[in-house]
Amino acid sequence: AQTVTQSQPEMSVQEAETVTLSCTYDTSENNYYLFWYKQPPSRQMILVIRQEAYKQQNATENRFSVNFQKAAKSFSLKISDSQLGDTAMYFCAFRNNNDMRFGAGTRLTVKP
Amino acid sequence: DAGVTQSPTHLIKTRGQQVTLRCSPKSGHDTVSWYQQALGQGPQFIFQYYEEEERQRGNFPDRFSGHQFPNYSSELNVNALLLGDSALYLCASSFMRGDGTPNEKLFFGSGTQLSVL
């Protein structure tokens with residue numbers, strides 16, 4: 001069974017600085033997708049970035065980028081130039097076919 | 001373009017009662033998935049509906065059932081509520097590709113917060 005582990009329950013960062021959130025996963029599949037979702041107090045899950053496992057190039061979306069290490073089954077999220085609006089829960093997720101598995105989340109606080 | 005909408009936003013029930021939650025998918029989407037998010041945890045997959053049929057199911061008891069309507073909207077029903085069913089219930093929609101595989105990108109609603117007393 002696929003599992004997703006986020007080992008950092010809480011993190012904080014100063015505004016304008018860079019922070020990296022960690023995620024590891026376990027699967028025997030070769031083709032899958034990885035995601036980072038943001039959940040602000042409004043509770044809506046917002047897609048931050050996604051990565052196809054068959055692509056070696058790391059995905060980037062403006063201030064957000066990932067470090068995808070397929071052999072190590074690691075998928076970390078880097079947030080550059082952190083903004084107060086980045087304060088939220090961040091969930092790492094794995095998807096293969098119809099089944100999406102989420103980690104327990106990391107609560108990120110951006111301090112002014 | 002309306003996104004995924006869920007109703008109601010909050011609900012309070014007592015143990016043993018039954019509840020129905022509703023979801024309208026994003027325009028153009030035909031597949032609806034339901035997730036349960038307990039406090040302090042990540043969402044857990046309940047089941048997915050496509051073409052009015054349950055296509056895949058997570059590790060949830062039969063007390064959890066669903067339905068999809070011809071307009072692609074969906075309902076989640078929970079019978080014989082337990083205190084442990086208290087959670088945020090999230091609906092997510094996507095679309096099925098022409099080759100029969102699901103598009104990997106999910107769009108989520110804001111959820112229904114269910115409290116069981």
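Every chain's residues receive numbers from 1 upward, in the order its sequence appears when written. Think of it this way: whatever chain is written first is A, whatever ligand is written first is 1, and the rest follow in order. Side-chain atom pairs in this predicted model are given and counted only at pLDDT of 80 or more, local residue features only at pLDDT of at least 70, and totals for whole chains, interfaces and linings cover all residues. Calculation of side-chain values draws on the structure's entire complement of heavy atoms; hydrogens and water are dropped beforehand.

**Student:** I would appreciate a short explanation of the sheet that holds strand β8 (residues 74-78) of chain B in the present structure.
**Tutor:** Strand-to-strand pairing in sheets goes through backbone hydrogen bonds, with the strands running parallel or antiparallel. Residue and element names in this part refer to chain B. With respect to topology, four strands assemble into an open sheet ordered β1-β3-β8-β7, the strand pairing being antiparallel. Here the strands that pair on one side only, and so sit at the sheet edges, are β1 (5-7) and β7 (64-68). Taken pair by pair, the neighbouring strands of this sheet meet at an average axis angle of 20°, ignoring direction. At least two DSSP bridges between two strands are required for those strands to pair. Labels follow the DSSP assignment, with helices taken as runs of H or I lasting at least four residues and strands as runs of E lasting at least two, numbered in each case from the N terminus. Where strand β3 (residues 19-24) lies against β8, five bridges are found, and the strand directions are antiparallel. Its bridge partner being in β8, Arg 22 is matched across the sheet by Glu 75. Under this scheme, a helix contributes an axis fitted over its contacting stretch, all axes are lines through C-alpha atoms, and angles between N-to-C directions fall in the 0 to 180 degree range.

**Student:** Is there a simple way to explain the pattern of salt bridges in this structure?
**Tutor:** Side chains that differ in charge, positive against negative, can pair when their charged atoms come close. Residues and elements named next belong to chain B. In what follows, salt bridge is the name for a side-chain nitrogen of Lys or Arg lying within 4 Å of a carboxyl oxygen of Asp or Glu. On inspection of all chains with the given rule, the structure shows six salt bridges over all chains. Close ionic contact of Glu 75 with Arg 22 constitutes a salt bridge, the shortest N to O distance being 3.4 Å. Of the two residues, Glu 75 sits in strand β8 while Arg 22 sits in strand β3, which places them 53 residues apart along the sequence. Two residues, Glu 51 and Arg 55, come together in a salt bridge whose shortest N-O distance is 3.1 Å.

**Student:** How should the packing of aromatic side chains be read in this particular structure?
**Tutor:** Given two aromatic rings, one states the distance between the centres and the angle between the planes to describe the pair. Whether two aromatic rings pair depends on their centres lying within 6.5 Å, for rings of Phe, Tyr and Trp, where Trp uses its six-membered ring; planes under 30 degrees apart make the pair stacked, over 60 edge-to-face, and the rest tilted. Inspection of every chain in the model, using the stated rule, returns 15 aromatic pairs over all chains. Between Tyr 37 of chain A and Phe 102 of chain A the ring centres are 5.9 Å apart and the planes differ by 50°, which places this aromatic pair in the tilted class. Pair noted here: Tyr 37 of chain A is in strand β5 (residues 33-39) and Phe 102 of chain A is in strand β11 (residues 99-102), with a separation of 65 residues, a long-range link. Each residue's exposure class comes from its accessible area (1.4 Å probe, protein chains only) as a fraction of the maximum for that residue type: buried when under 20%, exposed when over 50%, partly exposed otherwise. According to the relative accessible area criterion, Tyr 37 of chain A is buried, its value standing at 0%. The class of Phe 102 of chain A is buried, set by a relative accessible area of 10%. Grouped by ring-pair contacts, the aromatic residues Tyr 33, Phe 35, Tyr 37 and Phe 102 of chain A together with Tyr 35, Phe 45 and Phe 108 of chain B constitute a single cluster. Note on geometry: a ring has a charge over it if NZ (lysine) or CZ (arginine) is within 6 Å of the ring centre and within 35 degrees of the ring normal. The ring centre of Phe 107 of chain B lies 5.1 Å from the NZ or CZ of Lys 26 of chain B, which sits over that ring.

**Student:** Looking at this model, I keep getting lost on the nonpolar core. Mind explaining?
**Tutor:** Soluble globular proteins: nonpolar side chains tend toward being buried together. In these notes, a set of buried Ala, Val, Leu, Ile, Met, Phe, Trp, Tyr and Cys residues joined through side-chain atoms within 4.5 Å is what counts as a nonpolar core. If you look at the biggest cluster of nonpolar residues, it comprises 25 residues, and the most contacted ones within it are Tyr 25, Trp 36, Phe 75, Leu 77 and Tyr 90 of chain A. At the level of elements, β3 (19-21), β5, β6 (46-52), β8 (64-69), β9 (74-79), β10 (88-96) and β12 (106-111) of chain A are the ones that each hand at least two residues to this core. The biggest single contributor to this core is β10 of chain A, with four residues. Membership of the second largest hydrophobic core comes to 20 residues, among which are Leu 11, Leu 21, Cys 23 and Val 116 of chain B.

**Student:** Honestly, the environment of Gln 14 of chain A in this entry has me stumped. Any pointers?
**Tutor:** Residue and element names in this part refer to chain A. Position of Gln 14 relative to the elements: it lies in strand β2 (residues 10-14). A residue is classified by how much of its surface remains accessible, and Gln 14, at 36% relative accessible area, is partly exposed. C-alpha of Gln 14 to C-alpha of Ile 79: the two residues are 65 residues apart in sequence and 12 Å apart in space. Between two residues, a contact is recorded if the distance between any of their heavy atoms is within 4.5 Å. Sequence-distant contacts of Gln 14, defined by excluding residues within four places in its chain, comprise Ser 82, Val 110, Lys 111 and Pro 112. A polar atom in the side chain of Gln 14 sits 3.4 Å from the backbone oxygen of Pro 112. For the purposes of these results, a polar contact is taken to be a pair of N or O atoms within 3.5 Å, where, inside protein, one atom must be able to donate a hydrogen and its partner to accept one; residues adjacent in sequence count only when each atom of the pair is a side-chain atom.

**Student:** Please clarify how the interface of chain A and chain B should be interpreted in this entry.
**Tutor:** One frequently used descriptor of interface size is the decrease in accessible area upon assembly of the parts. Taken together, the contacts link 19 residues of chain A with 25 residues of chain B. Taking both partners together, chain A and chain B bury about 1800 Å²; carbon and sulfur atoms supply 48% of that area. Summed over the shared surface of chain A and chain B, the number is zero salt bridges. Taken together, the links from chain A to chain B amount to six residue pairs in polar contact (both at pLDDT 80 or more). Considering every element that reaches the side of chain A that touches chain B, the biggest residue donor is β5 of chain A, with four residues. Note on residue classes: Ala, Val, Leu, Ile, Met, Phe, Trp, Tyr, Cys and Pro are nonpolar, Asp, Glu, Lys and Arg are charged, and everything else, Gly too, is polar. Split into classes, the residues belonging to the side of chain A that touches chain B amount to nine nonpolar, six polar and four charged. Buried area is a sum: the accessible area each of two parts loses on coming together, probed at 1.4 Å, counted once for each and added.

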